[in-house]
Every structure is written in structure tokens, then in C-alpha cells.
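# Architecture and fold: a report
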Amino acid sequence: MDSHQFMIYSILKLGRWVVFCGMGLVLSLCFAACSPQSSTNTTEKMATCTSDFPILDAETPFPPAGYTGPFYTGPLFDSDMQLGDSGSNGHDLDQLISNMDRNNVVRGLMMFGINASDEFDLQAGSNEGIDHMRNAIVKAPCRIIPYFVRGTGNPDSLEIAYMTTVLDTVQSRYSGQLLRGIGELEIYKPSWGKLDADDPQLLAIYDLANTRGLHIMAHWAGGPDSVGPLTSEEARTTSEKNHLATIFEQYPNIKFLFHLFPTHIETSIFDLMDTYTNFYFSVDVDHIMQRIPWECGLLDCYENDSDAIAKFKAYFDSNFQAMVDQAVARYKPLIEAHPNQFMWGSENVGAYSFHPDVYDRSIAFSRAFIAQLSADVREKFAYQNAERVLGSGVKIQ
């Protein structure tokens, strides 16, 4: 090859290289422009939901075969929804939403455990518990009113610094406060020391909630973990009427939502509702749908059994009317005496309670119970009180 030929060959080779590089640059730019953005670069913000209370186009499951009594068929607002944490104790969110849709449960207060083991991620703006809450809100926009607590039944949950960091992290991450309240505070448990409602450790939580415009959900009382008759001493601790009056008086801007096992209720405690309009009570199906006579909550009775669903269905289908009558006799007078301060809740805790055969039956029980209330009280208890007190839910855009 002479020098002239070599020059031509070199020019052609250089040209091919330039073309190849140019094509590579073009392809690189194309991929960069067309590829989806990483989620870490996406800005998510809290958005406002409408205050309208939609009625789902759902066909309410019928009551059990043979039941001929009254049956409420309107919407429900669940004031005590349990999803569990993001780990092995969590439940299937898709199944829960499907259950809600099928049963016309339009909205609900949902509690999220944001645990101590996730603390190291908070300063980076990431946290497994917060991510769990975020994913639930994205899947069910405007249907969840999120509350949080650090774990459950643990004295560490009283650490105000950690709660403050959680609130600050959520506020910063979503340019607004997704969280609407703190709870459930399980102050009845021995691991919490069976605290009085106005214990200084709890007052610190109320102070934080009051400063941030949040509300409180709690299971108060000094009764035993298991449902059963109380001794006179436990009954006095359970009522703790003066302790409750103190916090209602001291924090008039906080809405306190309580629930309690049925055999731990002293009816005189609800006299406080006459004076304090920030005292609310959730009547949960997990508490009032009891094996007769008030032996144990039916959902709890079989929670650890391998054949839980079959046992639940067998007892439920054979004792439906008797369980409804038992609950009505105990709770109807309380609800109708203070019709603006009681609301319905589910508190389905065990994983098996999310199975459609179990969930649908618990809702059928609730509807038969609600139908026994006075006509002017039914809708207040079923959804209107919760809509007024708990609000419209949140969404992320």
C-alpha cells in the first residue's frame, strides 16, 4: 500500500469511527431522555382531598341465610382499621381494599407502627414504616386517615424525641403533614405500666399532639390483658373518671378517641360526654361480636388456630342472632344517650380476619347491630360522626 492509498484508508477508517461515536452519542441522549426518572428524583407532595363522602357503587353482601331482622345497608366509616406493620405482622393491603369496596366501607382511620428498628433511616428521609404508610395512601387515596405510634404496647413508644423526628420527617418529605393523629396508645397493657390517662409520660404525648394539631387514639384502662370480669380495684382503675376529665379539660382542641373491651366498661364513664365534646368512643366489631356470654371476642377466639376460618364460620352462622342481641342490649343505650360521640369500627387484627368469608360476616354483624339503633342515630354511628371528627383522608401527588 503506497502513501496515497494509506491516506485514503485512514480517512475512511476515521470517518467510520466518527459516525459510530456520533450514533453512540445520539443513542445515549435518547436513552437518557426516554428512560423513566428514578423515584428518588420524584417530588411527592401531600394533596388535599375533597370533603365529600362518596357512596361506593357496591352490592352490600347479604346477611346470613335465615336472618330476617333489620339490616343497615348504607355506607360505613371504619374508625379503627388495622393494617399491621410492614413486616411479618402486616396484612394484605390489596385484600383489605377489596373487602372495603365489596362492603361499602368508604373510609377509615388506619394506624401505622413506625418502629424503633427503623430509626437509623429517619434522618435520610427514608423509613420502612413511613414507606409502608405511603404505599397504603397511594393505593387508597383519600380513604385513609393515618395515625402512627412507635410500636405497640411498649414504653419506648413514649419517647417524644423519636415521635417528633417522625413528624418532622413526614412533614419535610411530603411538604405537608400526612399524619392526622397519634395512636393507638395501648395504655391498658402491663408493658406500659397500666398508666392513668393523665400520667406525665402521656401528658408529654398530648403536648406534642396539641402543638402539631394532631388527635389521640387510645385503649385506656387498667384491666387485665385478657377479657374477663374485673375485681373492684381494677374497676376503679378502669373507670379513672377523674384522670380522663383532667385531660379533656386540659386539651380541649384534641379529639380523644378511645375504645375498650366490653367487660371493662363502666357505663358511668360516658357521663363525661355530657361535659366534654372532645371525648369520642369507637365501638369495634372485634370487641362486641362476642362468644356468649361475653366469653371472648369471636375474631380473637380462633386467631391462633390452624382451622380458624372454619371454626369462626361455624360459630358465627349458628349464633348470629344471639350475638347481635347480646351486643344490642349492652351498647344501644350507651350510643343513643350520646349519639354524636360514638362511631363504628372494625379492629380486624388477626390475619385470618381479612379473609372474605370472615370479613364479610363481621360486616354483616355490624350492619345487623346498627339497624337496631334508633332511626335518627344509625347513620351518625355508621359514618357521619367519623366523617365529621376524623375528616376526609389524605392523598399524595
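Residues numbered from 1 in each chain as written. Predicted model: local features only at pLDDT ≥ 70, side-chain atom pairs only at ≥ 80, totals over all residues. Heavy atoms only, no water.

### What about the overall build of the chain?
Looking only at helices and strands, one finds twelve helices and ten strands in the chain. A burial count over the chain gives 50% of its 397 residues as buried. A separation threshold of at least 6 residues defines the contact pool for the chain, and within that pool the share at least 24 residues apart is 79%. On the chain, roughly 17,900 Å² of surface is accessible, and the fraction owed to carbon and sulfur atoms is 53%. (Helix = DSSP H or I, 4+ residues; strand = E, 2+ residues; numbered from the N terminus. Buried < 20%, exposed > 50% of the residue type's maximum accessible area, 1.4 Å probe, protein only. Contact = heavy atoms within 4.5 Å. Areas by Shrake-Rupley, 256 points an atom, 1.4 Å probe, with all protein chains shown as cover.)

### Observations concerning the sheet that holds strand β2 (residues 76–82)
Overall, parallel pairing links the eight strands, which are arranged β2-β3-β4-β5-β6-β7-β8-β9 in an open sheet. Edge positions in the sheet fall to β2 and β9 (342–345), since each has one partner strand and no second. Averaged over all pairs of adjacent strands, the angle between their axes in this sheet comes to 25 degrees, without regard to strand direction. Pairing between strand β8 (residues 279–284) and β9: four bridges, direction parallel. The partner of Ser282 across the bridge, within β9, is Met343. (Pairing = 2+ DSSP bridges. Axes fitted to C-alpha atoms, helices over the stretch in contact; angles between N-to-C directions.)

### Let's talk about helix α7 (residues 241–250)
When α7 is considered as a whole, its buried residues turn out to be Leu244, Ala245, Ile247 and Phe248. Buried residues of α7, viewed axially, fall in a sector of 165 degrees; they line one side. Along α7, the residues that are exposed and aim more than 90 degrees away from the buried face are Asn242 and Glu249. (Arc of directions from axis to C-beta.)

### A few points about the pairing of strand β5 (residues 181–185)
Taking burial as the measure, the five residues of β5 include five buried ones, the bulk of the element. Of the strand pairs in this sheet, strand β4 (residues 144–149) and β5 are connected by two bridges, and their pairing is parallel. Within β5, the residue paired with Phe148 across the bridge is Ile182. Here β5 runs beside strand β6 (residues 215–219); their pairing, made up of three bridges, is parallel. Residue Leu185 lies in a different strand from β6, and its bridge partner there is Ala218.

### Points about the state of the cysteines
All told, the structure shown has two disulfides when counted by the stated rule. Here Cys49 pairs with Cys142 through a disulfide, and the sulfurs are 2.1 Å apart. Residues Cys49 and Cys142 are joined by a disulfide whose S-S torsion is about -90 degrees; by sign, that bridge is left-handed. Pair noted here: Cys49 is in the loop between β1 (46–47) and β2 and Cys142 is in the loop between α3 (128–139) and β4, with a separation of 93 residues, a long-range link. An identical accessibility class is assigned to Cys49 and Cys142; each is buried. The disulfide that involves Cys296 links it to Cys301, with 1.7 Å between the sulfurs. Its S-S torsion of about 105 degrees marks the bond between Cys296 and Cys301 as right-handed, since a negative value means left-handed. By the burial criterion, Cys296 is buried, and Cys301 matches it. Counting only the cysteines that form disulfides, in the order they appear in the chain, gives the pairing 1-2, 3-4. (Disulfide = S-S within 2.5 Å.)

### Notes on the confidence of the model for the chain
For the chain, the mean per-residue pLDDT works out to 80, and 73% of the residues sit at or above 70. The secondary-structure element of the chain with the lowest mean pLDDT is helix α1 (residues 3–34), recorded at 44, while β9 shows the highest, at 98. (pLDDT = per-residue confidence, 0-100.)

### Description of the packing of helix α2 (residues 93–103) against helix α11 (residues 356–371)
The N-to-C vectors of α2 and α11 enclose an angle of 40 degrees; their axes lie 11 Å apart at closest approach. Comparing the axis directions of α2 and α11 gives the class oblique. Remark: the crossing between α2 and α11 carries right-handed chirality. Across from Gln95, Leu96, Asn99, Met100, Arg102 and Asn103 in α2, the residues of α11 making contact are Pro356, Tyr359, Asp360, Ile363 and Arg367. (Parallel < 35°, antiparallel > 145°, perpendicular 65-115°, else oblique. Left-handed = near helix turned anticlockwise from the far one by under 90°.)

### Re the nonpolar core
If you look at the biggest cluster of nonpolar residues, it comprises 114 residues, and the most contacted ones within it are Ile182, Ile216, Ile247, Phe258, Phe281 and Phe365. Leave out the neighbours within four places in its chain, and Phe365 touches Val285, Ile288, Met289, Phe316, Phe320, Met323, Val324 and Ala327. (Core = buried A, V, L, I, M, F, W, Y, C linked by side-chain atoms within 4.5 Å.)

### Section: the pattern of salt bridges
One pass over the structure, following the stated rule, counts 13 salt bridges. One salt bridge in this structure joins Asp357 and Lys313, with 3.4 Å as the shortest N-O distance. One end of the pair, Asp357, is in helix α11; the other, Lys313, is in helix α10 (residues 308–337), with 44 residues separating them in the sequence. The exposure class assigned to Asp357 is partly exposed, which follows from its relative accessible area of 29%. Exposure remark for Lys313: the relative accessible area of 26% places this residue in the partly exposed category. (Salt bridge = Lys/Arg side-chain N within 4 Å of Asp/Glu carboxyl O.)

### Thoughts on the packing of aromatic side chains
Applying the stated criterion across every chain, the model contains 18 aromatic pairs. Measuring from centroid to centroid gives 5.1 Å for Tyr67 and Phe320, while their planes differ by 80 degrees, and the two rings are edge-to-face. Linking Tyr67 in the loop between β1 and β2 with Phe320 in helix α10, this pair joins segments that are 253 residues apart in sequence. Residue Tyr67 is classed as buried on the basis of its relative accessible area of 12%. Among the aromatic residues, those joined into a cluster by ring pairs are Tyr206, Phe248, Tyr251, Phe256, Phe258, Phe270, Tyr276, Phe279, Phe281 and Phe342. We note Arg330 situated over the ring of Trp294; from NZ or CZ to the ring centre the distance is 5.2 Å. (Phe/Tyr/Trp six-rings, centres within 6.5 Å; stacked < 30°, edge-to-face > 60°. Lys NZ or Arg CZ within 6 Å of the ring centre and 35° of its normal.)

### With respect to unusual backbone geometry
Residues Gly183 and Glu184 are joined by a peptide bond in cis, for which omega reads 15 degrees. Mapped onto the elements, Glu184 comes out in strand β5. Here the residue pair Ile292 and Pro293 is connected by a cis peptide bond, since its omega of -5 degrees sits within 30 degrees of zero. Following the sequence through the fold, Pro293 ends up in the loop between α8 (285–288) and α9 (298–301). Even without being glycine, Ser175 reaches a positive phi, approximately 50 degrees. One non-glycine residue, Trp294, lies in the positive phi region at around 50 degrees. With respect to the helices and strands, Trp294 occurs in the loop between α8 and α9.

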